[in-house]
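Spelled out from the first residue to the last, the chains are:
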Amino acid sequence: MRAILAAIVLAVLPGLALAQPAPLYEARAIVTGTDMRQRPEGFARCLLDVLAKLTGNPAVRDDPRAQDVAVQADTLIEDFAYADRMADRPVMDEQGSRDRPYTLTCRFVPSKIDAAMARIGLHPWRGPRPRLLGLVTMTERSGDSYALRA
């Protein structure tokens with residue numbers, strides 16, 4: 001019984017250290033404010049990130065065909081939300097002249113994205129995707145270093 005339990009723990013532990021990827025049809029962008037001044041640009045950036053994830057090619061962000069689709073990103077969105085990046089800080093005196101930064105999260109309609117990709121000749125990456133381990137080495141001013149894991 002102990003051997004079976006140990007085998008299960010050893011099989012599960014490596015998977016816990018792996019970073020969980022964001023859903024393929026979801027992306028985030030940092031924007032200033034929550035009104036219409038920044039929203040179209042934020043939608044477009046999110047769409048370009050989704051296209052890069054779906055195709056497995058980050059260069060698609062600079063593709064003129066993808067840029068044309070990004071202009072119409074608002075028609076491909078299922079829903080979106082804002083998160084105040086300074087929620088833990090009080091509103092400052094100058095807040096009336098500057099908007100706070102927000103993280104805009106967009107979820108796109110998969111069927112609409114797939115159709116838009118097909119229309120411009122892009123194809124999603126259908127093969128197995130590699131599992132990535134998020135590991136960053138940090139060095140403090142004292143010279144000590146340590147690993148951070150996503």
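Scroll up to find the structure.
Values in this document were obtained by computation on a predicted structure and should not be read as measured data. Residue positions are counted from 1 within each chain, in the order its sequence is given. The model is predicted, so local features are restricted to residues of pLDDT at least 70 and side-chain atom pairs to those at 80 or more, both for listing and for counting; the totals for chains, interfaces and linings are taken over all residues. Remark: hydrogens and water are excluded; side-chain values derive from all non-hydrogen atoms of the structure.

### Notes on the sheet that holds strand β3 (residues 101-108)
Step number 1: Pairing between two strands requires that DSSP report at least two bridges joining them. Counting from the N terminus, the helices are the DSSP runs of H or I reaching at least four residues and the strands are the DSSP runs of E reaching at least two. Read across the open sheet, the three strands follow the order β1-β3-β2; overall the sheet is antiparallel. Each of the sheet's edge strands pairs with one partner strand only, and the pair in question is β1 (26-32) and β2 (77-84). Here the strands of the sheet are splayed against their neighbours by 25° on average, with no regard to which way each runs.
Step number 2: One ladder, built from seven bridges, connects β1 with β3; its direction is antiparallel. Of the residues in β3, the one forming a bridge with A27 is C106.
Step number 3: Only heavy atoms matter for contacts: two residues are in contact if any of them lie within 4.5 Å across the pair. What counts as an axis is a line fitted to C-alpha atoms, over the stretch in contact for a helix, and the angles between N-to-C directions run from 0 to 180 degrees. Against the sheet, helix α2 (residues 39-55) contacts β1, β2 and β3, and its axis sits at roughly 150° relative to β1.

### Let's talk about the nonpolar core
Step number 1: One finds L47, V50, L51, L76, C106, F108 and I113 to be the most contacted residues of the largest nonpolar core, which totals 29 residues.
Step number 2: Those residues within four positions of V50 in sequence are excluded, and the remaining contacts are L24, Y25, E26, A27, F108 and I113. Buried Ala, Val, Leu, Ile, Met, Phe, Trp, Tyr and Cys residues form a nonpolar core when they are joined through side-chain atoms within 4.5 Å. Three exposure classes are used, based on accessible area relative to the maximum for each residue type with a 1.4 Å probe and protein chains only: buried under 20%, partly exposed in between, and exposed over 50%.

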